[in-house]
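# Chains, contacts and geometry: an overview
The lines below spell out each chain.
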Amino acid sequence: MSLYQLTAHELHDKLKAREISAVELAESVYGRIEEVEPHVKGYLTLTKEIALEQAGAADAGFQNGNEMPPLAGIPIAIKDVICTKNVRTTCASKILSNFVPPYDATVMTKLHQQGVVMIGKTNMDEFAMGSSTENSAYQITHNPWDLETIPGGSSGGSAAVVSADTAICSLGSDTGGSIRQPAALCGVVGMKPTYGRVSRYGLVAFASSLDQIGPFTKDVTDCALVLNAICGNDEMDSTSVDVPVPDFTQSLINDVRGLKIGVPKEYFTEGLDTEVADCVQTAIAELEKLGASVEEISLPHTDYAIATYYIIAPAEASANLARYDGVRYGYRTEEPADLINMYKKTRSEGFGQEVKRRIMLGTFALSAGYQDAYYKKAQKVRTLIKSDFDAAFKKVDVIATPTSPTPAFKIDERTADPLQMYLCDVMTTPASHAGLPGISVPCGFVENGLPVGLQLLAAPFEEEKILRVAYTFEQNTEHHLQKPEICNVKGKQ
């Protein structure tokens, strides 16, 4: 087995025993990138020079006999919405095509302290607005399981590179499902921690009351390791919560006996692909067989989650994206007639169609005479959605649902119909409204070979329960061990 196919914890053991070097591992991953990246198109920027320098530093630590952190020397990819000092950060937008941050996001500082090897920055939907990674200003990322399909979004690049073995793990961001949904469609593990568990300092803002950074990994153990590295209170982020961070690896227990799993009836209705439903129900039955008790629950305001999301998120985006005006940094139109003309032309030329659509939706929802009717009402409905979850978690430990209503669909299939695209997030947005932690783990495949994800949710700051259930499921199934046959597509563009 090639080094790039292994998990972070397997590689740590080899690095620690000095069976391999971090430089050798980085070279292995870059070799894999050379082989399959032309087909997948998961990266916007590669940082090989930096990576080899970081790998050399990790090797020096191992050779000196130091006790090295679990992620030291491990190649990791970063979604291009997370600020990386002296490395271009574009948010997959033309308006930030030349932006090089002068500072690191807090998660990057934490990863550097771990001694990780940064492979590069991954493609995404522009400003994290999308569910398919077709909204990037630069390229469309392809799903490694079928290059004619989308990888999900907005963190599609981060999901695809882990699936294709062009990174050992990666970071993404999740506003309404942007980690969990692409993880499901690409057959990898993806986790959105509780809102406030991970610092958002240095994460370019989309919707500030929803955004959260989280990992993509090849298995649940690696997910726990990355969470250990990135979680924690940060005074640079006013929404960061000062609660103790446990050692998440301690929750990797192969046992679900005594746990109650709730299955919301509202998630198994019209619009859910029958093969996806079968895979998820089989997975839930497996957890029941392993000792968990399963009961049907109700989350009655689920149907309003998408409509609520597409008022709140665009409203916050409208405010957050007002700063891109061509004055201080980023793209500026050439030869504007005056200041107002510069604002107009810079923003109309710099933003893509989906970003413009959401800015206009959000601006309208916040405009005089409409703010109470739309934004204020949406916030009230958001409270009702959260109350549904609060009531449910008094009865059950974990909630199990499909992650995505369908498997990956064909590229260009939904670009002409924004509403159909928005419905991709119907299973993930409710938990985002409530700030809940959620994970997607591989749970099967539909007939054409595309992967399906099982979503597990818990009450705020109860990531350990999710990890325990996910780990138990993973240890007793083999879905996560399946790999896409991308090596067989050489020469296919």
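Residues numbered from 1 in each chain as written. Predicted model: local features only at pLDDT ≥ 70, side-chain atom pairs only at ≥ 80, totals over all residues. Heavy atoms only, no water.

Below, the discussion takes up the domain arrangement of the protein chain. Interfaces are often sized by the accessible area lost when the parts come together. According to the domain assignment, the protein chain consists of domain 1 (3–258) and domain 2 (303–381). The largest share of the area that domain 1 buries against domain 2 comes from Ile95, Met129 and Phe206, three residues that together contribute 37% of it. Here domain 1 and domain 2 share zero salt bridges between them. Between the two partners, domain 1 and domain 2, sit ten residue pairs in polar contact (both at pLDDT 80 or more). (Domains from an automatic or database assignment. Buried area = accessible area lost by both parts, 1.4 Å probe. Salt bridge = Lys/Arg side-chain N within 4 Å of Asp/Glu carboxyl O. Polar contact = N/O pair within 3.5 Å; in protein donor to acceptor, adjacent residues only side chain to side chain.)

Right, let's get into the packing of aromatic side chains. Tallied over the full model, the rule gives 13 aromatic pairs. An angle of 15 degrees between the planes, with centres 4.0 Å apart, marks the rings of Tyr310 and Tyr422 as stacked. Note that Tyr310 is positioned in helix H9 (residues 305–320) and Tyr422 in helix H13 (residues 418–422), a separation of 112 residues in sequence. Take Tyr310 and Tyr422: they sit in the same class, and that class is buried. Through a chain of ring-to-ring contacts, three or more aromatic side chains come together here, namely Phe99, Phe127, Tyr324, Tyr329 and Phe351. We note Arg88 situated over the ring of Tyr138; from NZ or CZ to the ring centre the distance is 5.8 Å. The aromatic ring of Phe409 is capped on one face by Arg414, whose charged end is 4.1 Å from the ring centroid. (Phe/Tyr/Trp six-rings, centres within 6.5 Å; stacked < 30°, edge-to-face > 60°. Helix = DSSP H or I, 4+ residues; strand = E, 2+ residues; numbered from the N terminus. Buried < 20%, exposed > 50% of the residue type's maximum accessible area, 1.4 Å probe, protein only. Lys NZ or Arg CZ within 6 Å of the ring centre and 35° of its normal.)

This next bit is on the nonpolar core. Most often, soluble globular proteins have nonpolar side chains that are buried together. One finds Ile82, Leu111, Phe127, Phe389, Ile439, Leu454 and Leu467 to be the most contacted residues of the largest nonpolar core, which totals 150 residues. There are two domains that each give this core at least three residues, and those are domain 1 (3–258) and domain 2 (303–381). In this structure, Ile82 is in contact with Thr89, Ala105, Val107, Met108, Lys121, Leu171, Gly172, Gly202, Leu203 and Ile213, ignoring residues within four places of it in sequence. Listed in part, the six residues of the second largest apolar core include Val36, Ala160, Ala164 and Ile486. (Core = buried A, V, L, I, M, F, W, Y, C linked by side-chain atoms within 4.5 Å. Contact = heavy atoms within 4.5 Å.)

All right, on to the pattern of salt bridges then. Applying the stated criterion across every chain yields a total of 19 salt bridges. Between Lys48 and Glu27 there is a salt bridge, with its nearest N and O atoms 3.6 Å apart. Linking Lys48 in helix H3 (residues 48–63) with Glu27 in helix H2 (residues 22–40), this pair joins segments that are 21 residues apart in sequence. When its relative accessible area of 37% is taken as the criterion, Lys48 is described as partly exposed.

What follows covers the side chain of Lys192. Tracing the chain through its elements places Lys192 in strand S5 (residues 189–192). For the buried Lys192, no salt bridge exists, and the shortest N-O distance to an oppositely charged side chain is 5.7 Å, to Asp174. Reaching out from Lys192, the side chain makes a polar contact with the backbone oxygen of Leu436 at a distance of 2.8 Å. Excluding residues within four positions of it along the chain, Lys192 makes contact with Asp174, Arg180, Gln212, Ser432, Gly435, Leu436, Pro437 and Gly438. (Lys, Arg positive; Asp, Glu negative; His and termini not counted.)

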